[in-house]
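Listed here are the chains, written in short residue letters.
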Amino acid sequence: MLGIVSFKVFPALMGGQKYIVDYYKELAKQTKVVLAVSKDNKEAVLSEKELNVLPFLFNHWYGFLNLFYCFKLVQIIKKEKIDIIIIDHSYYGWLGILLRFLTGRKLIIKSANLEAFRFRDMGRWGWQLYEVYEKWVLQHADRNFFISDEERLYAIEHWKVNATISYTIPYGTFIEEPYSQFEKNESRNSILNNHSLSVETKLFLFNGTLDYIPNEDALYIILNELVPRLNQARLNYRIIICGVQIKPNWEAQLLACPTIIFKGFVEHIELYNQGAHCFICPITLGTGVKTKITDAVAGGLIVIACKKSCDGFNQNMLNNQLIVVEDYNWDEFARAMIQLPIIEMHETPKAFYKAFNWAYIVRESILYLPK
């Protein structure tokens, strides 16, 4: 397998990066994997022992220049005896189609989201033009892998993508069971002690890439919609916010709010996944699957999320663990936070750990490969 990645994914700190890297790491246990990636991944040559990483491509912003590397990619395909080419995201879809023409190898487009609609929600001009291109790429692949059923079905219905070659490959987890009650209590006590909080304090968690527009919008909602409602109810609480790439104005606002604990980048998020009572996801923008919800559910956390954030999740499977709130209904969202019991425990169903386990996901995806 030759995976082609058009942007920086090493080290895999964010959900989108982990969706790519973790998939290939698990896939490498089943077959030979070579990764041709953008030049900004050079450190991966030394840090990633499980993968054969070749960082020589131009980033997707200058993707057209990779025409100059087309002959090199063809040589790699022949030398490494590649059978299948996987393009992560549609940016380099044109390159995959060209390589298929030159080598006769099969092509898979693996989409973490429908990029055109992500661009639309981010307010980028030209997203309609990208939609035309993205549709063309997906229509000309040998297989299409989508991160959620919702996006797969949309592409089939509205973009006329062939349903017989389209499959769902969700974001996965390596966690096989929820954290024990002992681990949760230890982490919770550590957080409470570190911040001189009483045992009655409700601990809510939010994390993500904080300069990403849907997450920036979530910060606005937390500060301007949820915090005032929680304060008016005189709730004893703290909202812990973790993440990378925050803008200075947002950092200043978070640090100025007495009921928010801003931690910035946290290398070991497990402390907060174990110690919080609940993960909140007040996100109404963006496409794809909210990978942060997968991580939170895998850790055994109750999740309160807007309906838009719940694409890709079987609400029946998660039962009471996933509390779904209508988009933009901040009264209901705050009410769910206020009414959340801090002693009642919900154990993540075993079915979740099967459906969202990386080993299972990769084994299923192998069955979908073109012959």
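Everything below is about the structure printed above this text.
In this text, all values refer to a predicted model and were calculated from it rather than measured experimentally. (Residues numbered from 1 in each chain as written. Predicted model: local features only at pLDDT ≥ 70, side-chain atom pairs only at ≥ 80, totals over all residues. Heavy atoms only, no water.)

**Some points on the overall build of the protein chain**
Spelled out, the test is: The helix and strand labels rest on DSSP assignments: H or I over at least four residues marks a helix, E over at least two residues marks a strand, and numbering proceeds from the N terminus. Our radius of gyration looks at C-alpha atoms and nothing else; its globule reference is 2.2 Å times the residue count to the power 0.38. Using a 1.4 Å probe on the protein chains alone, a residue whose accessible area is under 20% of its type maximum counts as buried, one over 50% counts as exposed, and one in between counts as partly exposed. The method behind every accessible area is Shrake-Rupley, applied with a 1.4 Å probe, and residues are considered shielded solely by the protein chains displayed.
In terms of regular secondary structure, the protein chain is built from 16 helices and 13 strands. Relative to the 2.2 N^0.38 estimate, which gives 21 Å for 371 residues, the radius of gyration of the protein chain is 21 Å and therefore close to what a compact globule would have. Along the longest, intermediate and shortest principal axes, the C-alpha atoms of the protein chain span 65 × 40 × 40 Å. Going through the 371 residues of the protein chain one by one, you find that 54% of them count as buried. Roughly 16,700 Å² of accessible area belongs to the protein chain as shown, and the carbon and sulfur atoms make up 53% of that amount.

**Regarding a nonpolar patch on the surface**
Spelled out, the test is: For patches, a residue must show more than 30% relative accessible area and have no salt bridge; joins then use 9 Å for like charges and 5 Å for nonpolar side chains, namely Val, Leu, Ile, Met, Phe, Trp and Tyr. One speaks of a salt bridge when a side-chain nitrogen belonging to Lys or Arg is within 4 Å of a carboxyl oxygen belonging to Asp or Glu.
On the surface, W61, Y62 and F64 cluster together into a nonpolar patch covering about 430 Å² of accessible area. Mapping W61 onto the fold places it in the loop between strand 3 (52-57) and helix 3 (70-79).

**Quick look at the sheet that holds strand 12 (residues 302-306)**
Cut-off, in case you're wondering: Any two strands are treated as partners once DSSP identifies two or more bridges connecting them. Only the stretch in contact is used when a helix axis is fitted, and all axes are lines through C-alpha atoms; the angle between N-to-C directions ranges over 0 to 180 degrees. Contact definition: two residues touch when any of their heavy atoms are within 4.5 Å.
Within the open sheet, the six strands sit side by side as 10-9-8-11-12-13. Their pairing is parallel. Both outer strands of the open sheet, strand 10 (260-264) and strand 13 (322-325), are each paired with one neighbouring strand and no more. Strand after strand, the sheet turns through a mean of 20° between neighbouring axes, direction not considered. As paired strands, strand 8 (residues 202-209) and strand 9 (residues 237-244) are joined by eight bridges and run parallel to one another. For K202, the partnering residue across the bridge sits in strand 9 and is Y237. The strands that helix 14 (residues 330-339) touches are strand 8, strand 9, strand 11 (278-281), strand 12 and strand 13; relative to strand 12, the one it contacts most, it runs at about 170°.

**Describing a negative patch on the surface**
As a reminder, the rule being used: His is not counted, nor are the chain ends; Lys and Arg add positive charge and Asp and Glu add negative charge. To locate a charge, the coordinates of NZ of Lys, CZ of Arg, CG of Asp or CD of Glu are taken.
Negative charge collects at one region of the surface, where E176, E177, E183 and E347 lie side by side. With respect to the helices and strands, E176 occurs in the loop between strand 7 (166-168) and helix 8 (181-194).

**A look at the pairing of strand 1 (residues 2-5)**
The line we're drawing: Whether a crossover is right-handed depends on one test, that the path from the first strand over the helix to the second runs clockwise when the strands point away from the viewer.
What you see with strand 1 is no split at all: L2 and I4 on one side and G3 and V5 on the other are buried throughout. Here strand 1 pairs with strand 2 (residues 34-38) via four bridges, running parallel. Pairing of L2 across the sheet is with V34, part of strand 2. Viewed along the sheet, the connection from strand 1 through helix 1 (residues 15-27) into strand 2 turns out right-handed.

**So, the packing of helix 3 against helix 4 (residues 93-103)**
Helices that pack against each other are described as a pair by the angle of their axes relative to one another and the distance between those axes. Put simply, the test is: Each angle receives one of four descriptions, namely roughly parallel if under 35 degrees, roughly antiparallel if over 145, roughly perpendicular if within 65 to 115, and oblique otherwise. Handedness of a crossing follows from how the near helix is turned relative to the far one, being left-handed for an anticlockwise turn of less than a right angle and right-handed for a clockwise one. Amino acids are sorted into nonpolar (Ala, Val, Leu, Ile, Met, Phe, Trp, Tyr, Cys and Pro), charged (Asp, Glu, Lys and Arg) and polar (every other residue, Gly among them).
Packing of helix 3 against helix 4 brings their axes to within 10 Å, and their N-to-C directions diverge by 55°. It follows from the interaxial angle that helix 3 and helix 4 lie oblique. Judged by the twist between their axes, the crossing of helix 3 over helix 4 is right-handed. Each of C70, L73, V74 and I77 in helix 3 lies in contact with helix 4, whose residues at this interface are L95, L98, L99, L102 and T103. For the contact of helix 3 with helix 4, the class distribution of residues is eight nonpolar, one polar and no charged.

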